[in-house]
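Chain by chain, the residues:
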Amino acid sequence: MKENKETIIEQAEQAVLHTYNRYPVVLERGEGVYLYDTDGKKYLDFAAGIAVQGLGYHYPGYDEALKAQIDKLLHTSNLYYNTPAMEAASKIVKASGMSKVFFTNSGTEAIEGALKTARKYAYRKDGRNDHEIIAMNHSFHGRSMGALSVTGNEKYQAPFRPLIGGIRFADYNDLESVKAQITDRTCGIILETIQGEGGIYPATEEFLKGIKAICEERDILLILDEIQCGMGRSGSMFAWQEYGVKPDVMTCAKALGCGVPVGAFVLGEKAALGSLEPGDHGTTYGGNPFACAAVSKVFDIFEEQKIVDHVRQIGGYLEKKLDELVEKYECIETRRGKGLIQGLVISNRPVGELVVKSLEEGLLVITAGSNVMRFVPPLIITKEHVDEMIEKFERALKAD
Ligand SMILES: *Cc1c(COP(=O)(O)O)cnc(C)c1O
């Protein structure tokens, strides 16, 4: 089988279900914050596999930890204990100050667990079966039926109705609109601390604190989706830590394993004591020793290498450079974001086209919403990488 780009793409299109319109690039290997395609072309990676590769590629010690776990044990099921899951869960508990962790294989599964937690919490209080969850317009929580049901995007939802019942939508950063959806059956409010796919909208402090107050007053569970903005990306380990608003349930995935597919939902004490019980939830793979060895190593590296401090510094530099672009180019309206989750709002030009031009210049970037360029690089980028990105992106902006 000849391994050239065209034949790989052709064969992929024959065998792989076409649910993505892929860019015509076949990526082969990564090194640091660079990717190489099958033609040997080098790309600066400001997409990080959609905010997954927090530590880039082949971070010192990461591969070795995974290889060591492969040599010991890949999988056991959750019928027994294993050391990596214990270690990984303990590190998440310590970093978050929350209480209990349930490991999943993806973000969408973490959301499923969070939704079940909210329903069970309310069910244990009153035994009713008509509890409601409030979610946000323009949110993104995943593609399984439960997660899709709280994803405020008509295009994603329409073909798959009926979705799960009891979901009401409010407007992000509009506290009154949330209040308008509260009923005596509300059991949970779910939102991203920083909306990602929807267009990089950080929550305002007023909004998040207002929601927290409502949740406390009415004993509703606050679910914060940290799948994209968590794991240091915002400049804090978890974005909610910047606001001083602690959720009752937090969902993680993406950079949790920095490349190994793993997610988690994490419960605060109240939710841990008053919701899911033995038999209520399960997973065959979730918390598998291999995935958890990755999570555990990621937390060690974050601590030893002070990754979050680095994000705070380099994030400031990225913001400054992106703000300069806003000043310089007519077609860039504004910048939104925190740390290393940043968006540029583009007008009068299709963002998809800008992505293609960037690819030609050797830069991987992605979009968010309908008109936002999204910058979610590995957390280990340096000033030089930011400068290189700006140079390449400006060439893409000027190309026609
Ligand atoms: C990516 C994402 C998800 C879904 O995660 P998957 O691993 O793709 O299922 C959920 N919430 C947010 C905020 C995300 O960015």
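Not measured: the values here are computed from a predicted model.

In this structure, Pro 162 follows Arg 161 across a cis peptide bond, with omega equal to 5°. Here Pro 162 lies in the loop between helix 7 (154–157) and strand 6 (167–170). Backbone geometry at Met 231 places phi at a positive 55°, although glycine is not the residue there. With respect to the helices and strands, the residue Met 231 is situated in the loop between strand 10 (221–225) and helix 10 (240–243).

When its domains are assigned, the protein chain resolves into domain 1 (5–59 + 306–398) and domain 2 (73–304). Carbon and sulfur atoms supply 63% of the area buried between domain 1 and domain 2, which totals about 2300 Å² over both sides. Contact with domain 2 buries area across many residues of domain 1, yet Arg 336, Lys 338 and Ile 341 alone supply 27% of it, more than any other trio. Here Glu 242 and Lys 338 are joined by a salt bridge, their closest N and O atoms 3.6 Å apart. Across the contact surface, domain 1 and domain 2 share 12 residue pairs in polar contact (both at pLDDT 80 or more). At the level of secondary structure, the elements contributing two or more residues to the side of domain 1 that touches domain 2 comprise helix 2 (48–51), helix 13 (307–328), strand 13 (332–338), strand 14 (341–346) and strand 17 (372–375). Counting residues per element, the side of domain 1 that touches domain 2 draws most heavily on helix 13, at four residues. For the side of domain 1 that touches domain 2, a count of residues per class yields 16 nonpolar, seven polar and five charged.

Taken as a whole and judged by the stated rule, the model has 26 salt bridges. One salt-bridge network, held together by shared partners, links Lys 120, Arg 124, Glu 277 and Asp 280.

Spatially, 4-12-11-10-7-5-6 is the arrangement adopted by the seven strands of the open sheet, whose pairing is mixed. For this open sheet the edge positions go to strand 4 (100–104) and strand 6, each flanked by a neighbour on one side alone. Looking at each pair of strands side by side, their axes are set apart by 20° on average, direction ignored.

Residue alternation in strand 17 divides its side chains into two sets, Val 372 and Arg 374 and Met 373 and Phe 375, and both sets are buried. Of the pairings in the sheet, the one linking strand 14 to strand 17 comprises four bridges and is antiparallel in character. Bridge pairing in strand 17 places Val 345 opposite Val 372. Hairpin connection from strand 16 (residues 366–368) to strand 17: three residues lie between these consecutive antiparallel strands, with Gly 369 at a positive phi of about 55°.

Below, the discussion takes up the site of the ligand. Around the ligand, the neighbouring residues are Ser 106, Gly 107, Thr 108, Phe 140, His 141, Gly 142, Glu 192, Asp 225, Ile 227, Gln 228 and Lys 254. At 2.8 Å, a backbone N or O of Thr 108 approaches an oxygen atom of the ligand. Gln 228 is positioned such that a nitrogen or oxygen atom in its side chain is 2.8 Å from an oxygen atom of the ligand. Relative to its free-state accessible area of 380 Å², the ligand is covered by the protein chains to the extent of 81%. By residue class, the composition of the shell around the ligand is two nonpolar, six polar and three charged.

For any two helices packed against each other, the geometry is given by the interaxial angle and the distance between the axes. It is at 8 Å that the axes of helix 4 (residues 83–96) and helix 12 (residues 289–304) come closest, and there the two elements cross at 40°. Classed by the angle they form, the pair helix 4 and helix 12 counts as oblique. Where helix 4 crosses over helix 12, the handedness of that crossing is left-handed. Residues Pro 84, Ala 85, Glu 87, Ala 88, Lys 91, Ile 92, Lys 94 and Ala 95 of helix 4 touch helix 12, and the partners they reach there are Pro 289, Cys 292, Ala 293, Val 295, Ser 296, Phe 299, Asp 300 and Glu 303. Each residue belonging to the contact of helix 4 with helix 12 can be placed in one class, and the counts come to 10 nonpolar, one polar and five charged.

The next thing to look at is helix 14 (residues 351–360). Restricting attention to buried positions, one finds in helix 14 the residues Val 351, Leu 354, Val 355, Lys 357, Ser 358 and Leu 359. Those residues of helix 14 hidden inside the fold are in contact with strand 3 (42–45), strand 14, strand 15 (363–364), strand 16, strand 17 and helix 15 (383–398).

On to the sheet that holds strand 14, then. Reading across from one edge, 13-14-17-16 is the order of the four strands in this open sheet, with antiparallel pairing throughout. Here the strands that pair on one side only, and so sit at the sheet edges, are strand 13 and strand 16. When strand polarity is set aside, the average angle formed by the axes of neighbouring strands in this sheet is 30°. The strands touched by helix 13 are strand 13, strand 14 and strand 17; relative to strand 13, the strand with the most contacts, the crossing angle is about 165°.

Attention shifts here to the packing of aromatic side chains. Note on aromatic pairs: each is described by the distance of the centres and the angle between the planes. Tallied over the full model, the rule gives five aromatic pairs. An angle of 5° between the planes, with centres 6.2 Å apart, marks the rings of Phe 238 and Trp 240 as stacked. We classify Phe 238 as buried; its relative accessible area is 1%. On the accessibility criterion, Trp 240 (5% relative accessible area) is buried. The ring centre of Tyr 156 lies 4.0 Å from the NZ or CZ of Arg 143, which sits over that ring.

About the cut-offs
Residues numbered from 1 in each chain as written. Predicted model: local features only at pLDDT ≥ 70, side-chain atom pairs only at ≥ 80, totals over all residues. Heavy atoms only, no water. Helix = DSSP H or I, 4+ residues; strand = E, 2+ residues; numbered from the N terminus. Domains from an automatic or database assignment. Buried area = accessible area lost by both parts, 1.4 Å probe. Salt bridge = Lys/Arg side-chain N within 4 Å of Asp/Glu carboxyl O. Polar contact = N/O pair within 3.5 Å; in protein donor to acceptor, adjacent residues only side chain to side chain. Nonpolar A, V, L, I, M, F, W, Y, C, P; charged D, E, K, R; others polar. Pairing = 2+ DSSP bridges. Axes fitted to C-alpha atoms, helices over the stretch in contact; angles between N-to-C directions. Buried < 20%, exposed > 50% of the residue type's maximum accessible area, 1.4 Å probe, protein only. Near = heavy atom within 4 Å. Areas by Shrake-Rupley, 256 points an atom, 1.4 Å probe, with all protein chains shown as cover. Parallel < 35°, antiparallel > 145°, perpendicular 65-115°, else oblique. Left-handed = near helix turned anticlockwise from the far one by under 90°. Contact = heavy atoms within 4.5 Å. Phe/Tyr/Trp six-rings, centres within 6.5 Å; stacked < 30°, edge-to-face > 60°. Lys NZ or Arg CZ within 6 Å of the ring centre and 35° of its normal.

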